[in-house]
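# Reading the structure
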Amino acid sequence: MDKRQALFKAENHRSIEDVEREKIVVEKAKASAQGKGLDPHSVEYFFKAQISVAKAIQFRYRADFLSQPPKSKPKDLQQEVRPALIRLGDQIIQKMVMYIKAHGSFKLIRFSEFDAAINEKHVSLLDKQLLFSALQKVKELPVN
């Protein structure tokens, strides 16, 4: 998705960073997480980390476009990319819930496993460390 976002934004002279949109995404993720029994603040940290990494990836693609213009046309950001990202966010939260129910937390995952699972060329080691740290903070809502 990040390449498509970068391409759309480049061709339409739009900024990679959209602070207002980011707030909406984070608020939707928090609401979805809370509705599924996850602590919304822990999920907020994870989604903010994801957004930071996504922006970094888009900047890296934009740099690539300077020396090698893309051959494909971008998908429409509003009509195609953003709805797909919202669905993906919901899927991520659902998988978090399933994982925590099965394993109790993300604390037992080793970074080497996490690192090996992410194969996107524009995701740096620091990006992976940020995401891993944020993922390990995701937890269930306390039971009253």
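Scroll up to find the structure this text is about.
### Notes on the packing of helix H3 (residues 40-67) against helix H6 (residues 125-137)
H6 packs onto H3 with a crossing angle of 165 degrees between their chain directions and a minimal axis gap of 8 Å. The orientation of H3 relative to H6 falls into the category roughly antiparallel. Relative to H6, H3 is oriented so that their crossing is left-handed. Here H3 contributes Ser42, Tyr45, Phe46, Ala49, Gln50, Ser52, Val53, Ala56 and Arg60 to the contact with H6, which in turn contributes Asp127, Leu130, Leu131, Ser133, Ala134, Leu135 and Lys137. Along the lines of polarity and charge, the residues of the contact of H3 with H6 split into nine nonpolar, four polar and three charged.

### Focus on the packing of aromatic side chains
Two numbers describe a pair of aromatic rings. These are the distance of the centres and the angle of the planes. Here the structure, examined in full by the defined rule, presents six aromatic pairs. Each member of the aromatic cluster is reached from another via a ring pair, and the members are Phe111, Phe114 and Phe132.

### A look at the pattern of salt bridges
Tallied over the full model, the rule gives 11 salt bridges. A salt bridge links Glu44 to Lys30; its shortest N-O distance comes to 3.6 Å. One end of the pair, Glu44, is in helix H3; the other, Lys30, is in helix H2 (residues 19-35), with 14 residues separating them in the sequence. Taken as a pair, Glu44 and Lys30 share a single burial class, namely buried. Across the pair Glu44 and Lys48 runs a salt bridge whose closest N-O atoms are separated by 3.1 Å. Taken together, the residues Glu44 and Lys48, both in helix H3 and four residues apart, mark about one turn of the helix. Residue Glu44 is classed as buried on the basis of its relative accessible area of 17%. Several salt bridges converge on common partners, so that one network encompasses Glu27, Lys30, Glu44 and Lys48.

### Thoughts on H2
Across its 17 residues, H2 extends 24 Å between first and last C-alpha, which sits within 8% of the 24 Å expected from 1.5 Å per residue. The inward-facing, buried residues of H2 contact H3 and helix H4 (77-103). Directly beyond the C-terminal end of H2, a positive phi value near 95 degrees is found at Gly37.

### So, the nonpolar core
One finds Leu38, Val43, Phe46 and Val138 to be the most contacted residues of the largest nonpolar core, which totals 26 residues. Secondary-structure elements contributing two or more residues to this core are helix H1 (2-11), H2, H3, H4 and H6. For this core, the element with the highest residue contribution is H3, accounting for eight residues. Once residues within four sequence positions are removed from consideration, Val138 is found in contact with Leu38, Ser42, Val43, Phe46, Met96, Ile100 and Phe106.

### Points about the environment of Ile100
Mapped onto the elements, Ile100 comes out in helix H4. The class of Ile100 is buried, set by a relative accessible area of 3%. Distance from Ile100 to Arg62, taken between C-alpha atoms, is 36 Å for residues 38 residues apart in sequence. Every residue in contact with Ile100, bar those within four places of it in the chain, is listed here: Leu38, Ser105, Phe106, Val138, Lys139 and Glu140.

Parameters at a glance
- Residues numbered from 1 in each chain as written.
- Predicted model: local features only at pLDDT ≥ 70, side-chain atom pairs only at ≥ 80, totals over all residues.
- Heavy atoms only, no water.
- Axes fitted to C-alpha atoms, helices over the stretch in contact; angles between N-to-C directions.
- Helix = DSSP H or I, 4+ residues; strand = E, 2+ residues; numbered from the N terminus.
- Parallel < 35°, antiparallel > 145°, perpendicular 65-115°, else oblique.
- Left-handed = near helix turned anticlockwise from the far one by under 90°.
- Contact = heavy atoms within 4.5 Å.
- Nonpolar A, V, L, I, M, F, W, Y, C, P; charged D, E, K, R; others polar.
- Phe/Tyr/Trp six-rings, centres within 6.5 Å; stacked < 30°, edge-to-face > 60°.
- Salt bridge = Lys/Arg side-chain N within 4 Å of Asp/Glu carboxyl O.
- Buried < 20%, exposed > 50% of the residue type's maximum accessible area, 1.4 Å probe, protein only.
- Expected span 1.5 Å × (residues − 1).
- Core = buried A, V, L, I, M, F, W, Y, C linked by side-chain atoms within 4.5 Å.

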